[in-house]
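Reading the structure
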Amino acid sequence: MKKKLIFVAFFAFFAGFFGFINSTAVFAGGLTNYTYTYNEWGIPVPSPDAYRVSSFILGDSFGIGHFDRPQDLQVFGNLLYVVDTYNNRIVTLQINDDGTHELAEVITSVTMPDGQQSTFDRPYGIFVSDWDLTRGERWIADTFNQRILHTDENWNVITIIDRSKLELSLLPDQLDFLPRKIASDFSGRLFVQASHVNRGLMEFDLTGYFVGYMGAPDVSISPVDQFWRMIATREQRERMALFVPVEYNNVRIDDEGFLFVTTSSADVDPIRRLNAMGSDVMIRNGLDDPIGDLWIGSAAGISGASTFIDAAALPNNTFVAFDSNRGRMFAYDSQGQLLYVWGGVGNREGNFILPTALVNMDFTLFALDSTAAAITRFDLTEYGQFINSALEMYQRGLYEESVFYWQEVLRMNGNFGLAYIGMARAYLRQGYYRNAMEMFRIQNDASGFGRAFSFYRRVWMEDYFWIFAAVIGVLMIVPPVVRQTLKIRKEIRNS
């Protein structure tokens, strides 16, 4: 019997050991591709797939040859625009209801105001407006022609934005005007991410004239650096590193007109949500800020923090950030809580070599890989649908329905901590404070538990205040009555 117990313990140890090695290889970017999230202790925990690969789209599938280092995607209605950069063309694909895709058109030139055709020279970005004022109009970042082309829906140029629309003092002669990614808001204002520009986004009005810069991240200088710059000589200060704002690498606009910008710099938030004034209004109420992976070990030649290259804003105010460092996608809710992570680096389905762009059509995602010259389509699984439905019901004020969907999520994945938080918030809104306290307790959310307890205490006091009032009243009335009664009895007895 003793030998049998030793064998069982020995087997369990090695089973657990190899399971740990396998999970470590996965997080390090190994061969296994799976979905995970982080728990309240910052430990990665596997979860069911929230998205599945439904299509792998190649240019050659449509008889137009391979894409050559494509750099951007854009969705308008049921059309997917592919900026096929090194083929100097824009390819439009039709997205069918059955999940298939067809070639709509291939654009290699636009019609200029004088009627002449003008070709592209390595375009890097495109934006197709869905706003009422400019619906169907397009802006193309024709990068190596050093211009932005604003066209109508028939590819006729309305406005050309080039160096002539800029003040030379804002862009020195030695720097080229190289627009890369663009977005326009409901008023027709155009926001441009350009190479070598670290003052934020370049802003142009509807007529194409430069307005100014907006949204530059603040530069923070440590007290130590400030001290050394104060006492350093002029020559030493010239040799010191310059503290200048970082350069963005992408810009997207959501349905509410807020701009999602990403940056590769490790000195600022990798993703920000800017309002019309250029202020960051992203909510960061999660256990950790939206920064990508928390475990950033070095393996398979990959090291360092997550580097967001693009973001997609989904209809229920969740957003997905695309990490070019490890080829992963990070989904966050409107409060900045991490929902799930999937993807990886490699040649297998669902992985990427050089992530470049990410767009969505409702909850369907299209991810572009520049090196593989391919687009991967992801659609929600049942598990992912439950999560997004729970978030949507909560936002619409349908808290009971939200709890139902969170319960379905927990049925499929009991380790999903955000489901407990979601149920707790819904219970809190419904006035079920004890239930909310229990959900917060399960998730070890001290702040949420304290908030729910304060509401519960107030309601409890309101419900049982009459008991305290009665007790206090009795304590205030009975003793004097008893004393007076005893006094009267004593006087009667003595008389």
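Just above sits the structure.
Our subject in this report is the structure included herewith. Throughout, residues of each chain are indexed from 1 in the direction in which the sequence is written. Two thresholds apply to this predicted model, a pLDDT of at least 70 for residue-level local features and 80 or more for giving and counting side-chain atom pairs, whereas whole-chain, interface and lining totals are computed over all residues. As a convention, hydrogens and water are excluded, and side-chain values are obtained from all of the structure's heavy atoms.

1. Some points on the overall build of the chain
- Looking only at helices and strands, one finds eight helices and 27 strands in the chain.
- Burial here depends on accessible area, computed with a 1.4 Å probe over protein chains only, as a share of the maximum for the residue type. Under 20% is buried, over 50% is exposed, and the range in between is partly exposed. Expressed as a percentage of the 495 residues in the chain, the buried residues total 46%.
- Two residues qualify as a contact provided that any one of their heavy atoms is within 4.5 Å of a heavy atom in the partner residue. For the chain, restricting intrachain contacts to residue pairs at least 6 apart in sequence, the fraction spanning at least 24 positions comes to 47%. Strands here mean DSSP runs of E at least two residues long; helices mean DSSP runs of H or I at least four residues long; both are numbered from the N terminus.

2. Here we look at the packing of aromatic side chains
- In summary, the pairing rule links any two rings of Phe, Tyr or Trp, Trp by its six-membered ring, whose centres are within 6.5 Å, and it sorts them by plane angle into stacked for under 30 degrees, edge-to-face for over 60 and tilted for everything else. In this structure the tally under the stated criterion is 24 aromatic pairs.
- When the centroid spacing of 5.1 Å and the interplanar angle of 80° are considered together, the rings of Phe 322 and Phe 352 count as edge-to-face. With Phe 322 in strand E22 (residues 319-323) and Phe 352 in the loop between strand E24 (338-343) and strand E25 (355-361), this residue pair connects regions lying 30 residues apart in the sequence.
- Under the relative-accessibility criterion, Phe 322 is labelled buried at 0%.
- Relative to Tyr 432, the ring of Tyr 427 has its centre 6.2 Å away and its plane inclined at 55°; by these criteria the two rings are tilted.
- Ring pairs connect the aromatic residues Tyr 51, Phe 322, Tyr 340, Trp 342, Phe 352 and Phe 378, which therefore count as one cluster.
- For the cation-ring pair, Arg 69 lies above Tyr 86, with the distance from its terminal atom to the ring centre recorded as 3.7 Å. Put simply, a charge is over a ring when the Lys NZ or the Arg CZ is close to the ring centre, within 6 Å, and near the line of the ring normal, within 35 degrees.

3. Some details on the side chain of Ser 370
- Position of Ser 370 among the secondary structure elements: in the loop between strand E26 (364-369) and strand E27 (374-380).
- Ser 370 sits in the buried class, given a relative accessible area of 4%.
- In terms of polar contacts, Ser 370 uses its side chain to reach the side chain of Gln 71, at 3.2 Å.
- Setting aside residues up to four positions removed in sequence, Ser 370 forms contacts with Arg 69, Pro 70, Gln 71, Leu 354 and Thr 356. Polar contacts, as used here, are pairs of N or O atoms within 3.5 Å; protein pairs need one atom able to donate a hydrogen and one able to accept it. Residues neighboring in sequence count only if both atoms are side-chain atoms.

4. As for the pattern of salt bridges
- Whenever Lys or Arg places a side-chain nitrogen within 4 Å of a carboxyl oxygen from Asp or Glu, that contact is recorded as a salt bridge. Overall, the coordinates contain 20 salt bridges when judged by the stated rule.
- Overlapping salt bridges bring together Asp 269, Arg 272, Asp 280 and Arg 284 as one network.

5. Focus: unusual backbone geometry
- Non-glycine residue Arg 69 carries a positive phi angle of around 50°.
- Locating Arg 69 in the fold gives a position in the loop between strand E3 (51-58) and strand E4 (72-76).
- In this structure, Asp 362 is a non-glycine residue whose phi angle is positive, near 60°.
- For Asp 362, the position within the fold is in the loop between E25 and E26.

6. Let's talk about helix H4 (residues 382-395)
- Taking 1.5 Å as the rise per residue, H4 with 14 residues should run 20 Å; its terminal C-alpha atoms sit 20 Å apart, in good agreement.
- Where H4 is concerned, the buried positions are Tyr 383, Gly 384, Phe 386, Ile 387, Asn 388, Ser 389, Ala 390, Leu 391 and Met 393.
- If you follow the buried residues of H4, they end up packed against strand E2 (44-47), E24, E27 and helix H5 (399-412).
- Where H4 ends, the next residue or the one after it, Gly 397, has phi of about 80°, a positive value. Between the first and last residue of a helix there are one fewer steps than residues, each counted as 1.5 Å, and that sum is the expected span.

7. Some details on the sheet that holds strand E20 (residues 271-274)
- In space, the three strands of this open sheet follow the order E18-E19-E20, with antiparallel pairing throughout. Of all strands in the sheet, those with a lone pairing partner are strand E18 (248-253) and E20, marking the two edges. The sheet shows a mean angle of 20° between the axes of neighbouring strands, direction not considered.
- At least two bridges found by DSSP between two strands are what make those strands a pair. Bridge analysis of strand E19 (residues 259-263) against E20 gives four bridges, and the strand direction is antiparallel. The partner of Val 261 across the bridge, within E20, is Arg 272. Whenever a helix is involved, its axis is fitted only over the stretch in contact; in every case the axis is a line through C-alpha atoms, and angles between N-to-C directions fall within 0 to 180 degrees.

8. Some points on the packing of helix H6 (residues 417-430) against helix H7 (residues 433-442)
- Between H6 and H7, the least distance of the axes is 8 Å, while the angle of their chain directions is 160°. Classified by the angle their axes make, H6 and H7 are roughly antiparallel. Of the two elements, H6 crosses H7, and the hand of that crossing is left-handed. In this structure, H6 uses Tyr 420, Ile 421, Met 423, Ala 424, Arg 425, Tyr 427 and Leu 428 to contact H7, whose residues at the interface are Tyr 433, Asn 435, Ala 436, Met 439, Phe 440 and Ile 442.
- Residues are grouped as follows: nonpolar covers Ala, Val, Leu, Ile, Met, Phe, Trp, Tyr, Cys and Pro; charged covers Asp, Glu, Lys and Arg; every other residue, Gly included, is treated as polar. Per-class residue counts for the contact of H6 with H7 are 11 nonpolar, one polar and one charged. Orientation is classified from the angle alone, with under 35 degrees giving roughly parallel, over 145 giving roughly antiparallel, 65 to 115 giving roughly perpendicular, and any other angle giving oblique. It is the rotation of the near helix from the far one that decides the hand of a crossing: anticlockwise by less than a right angle makes it left-handed, clockwise makes it right-handed.

9. Observations concerning the nonpolar core
- If you look at the biggest cluster of nonpolar residues, it comprises 45 residues, and the most contacted ones within it are Tyr 51 and Trp 406.
- Of the residues forming this core, the biggest block, nine residues, is contributed by H6.
- Domain extents, as shown, originate in an automatic or database domain assignment. Built from parts of two domains, this core gets at least three residues from each of domain 1 (8-380) and domain 2 (381-495).
- Excluding residues that lie within four positions of it along the chain, Trp 406 makes contacts with Ile 387, Ala 390, Leu 391, Phe 416, Leu 418, Ala 419, Gly 422 and Met 423.
- With 26 residues, the next largest nonpolar core counts Trp 139, Ile 161, Ile 182 and Leu 190 among its residues. Throughout this description, the term nonpolar core refers to a set of buried Ala, Val, Leu, Ile, Met, Phe, Trp, Tyr and Cys residues connected via side-chain atoms within 4.5 Å.

10. Focus: the packing of H4 against H5
- Contact geometry of H4 with H5 gives a least axis separation of 8 Å together with a crossing angle of 155°. Judged by the angle between their axes, H4 and H5 are roughly antiparallel. Between H4 and H5 the crossing geometry is left-handed. The segment H4 lies against H5, with Glu 382, Tyr 383, Phe 386, Ile 387, Ser 389, Ala 390, Leu 391, Met 393 and Tyr 394 engaging Tyr 399, Glu 401, Ser 402, Tyr 405, Trp 406, Glu 408, Val 409, Arg 411 and Met 412.

11. Details of H6
- Under the 1.5 Å per step criterion, the end-to-end length of H6 is 20 Å for 14 residues, consistent within 8% with the ideal 20 Å.
- Within H6, 12 of the 14 residues are buried, which leaves the element mostly enclosed by the surrounding structure.
- Buried within H6 are the following residues: Gly 417, Leu 418, Ala 419, Tyr 420, Ile 421, Gly 422, Met 423, Ala 424, Arg 425, Ala 426, Tyr 427 and Leu 428.
- At the exit of H6 stands Gly 431, carrying a positive phi of roughly 90°.

12. Comments concerning the sheet that holds strand E7 (residues 101-107)
- The strand order across the open sheet formed by four strands is E4-E5-E6-E7, and the pairing between neighbours is antiparallel. Two strands in the sheet have a free side with no partner beyond their single neighbour: E4 and E7. Averaged over all pairs of adjacent strands, the angle between their axes in this sheet comes to 25°, without regard to strand direction.
- As judged from the five bridges shared by E4 and strand E5 (residues 79-84), these two strands associate in the antiparallel manner. If you follow Asp 72 over to E5, its bridge partner there is Val 83.

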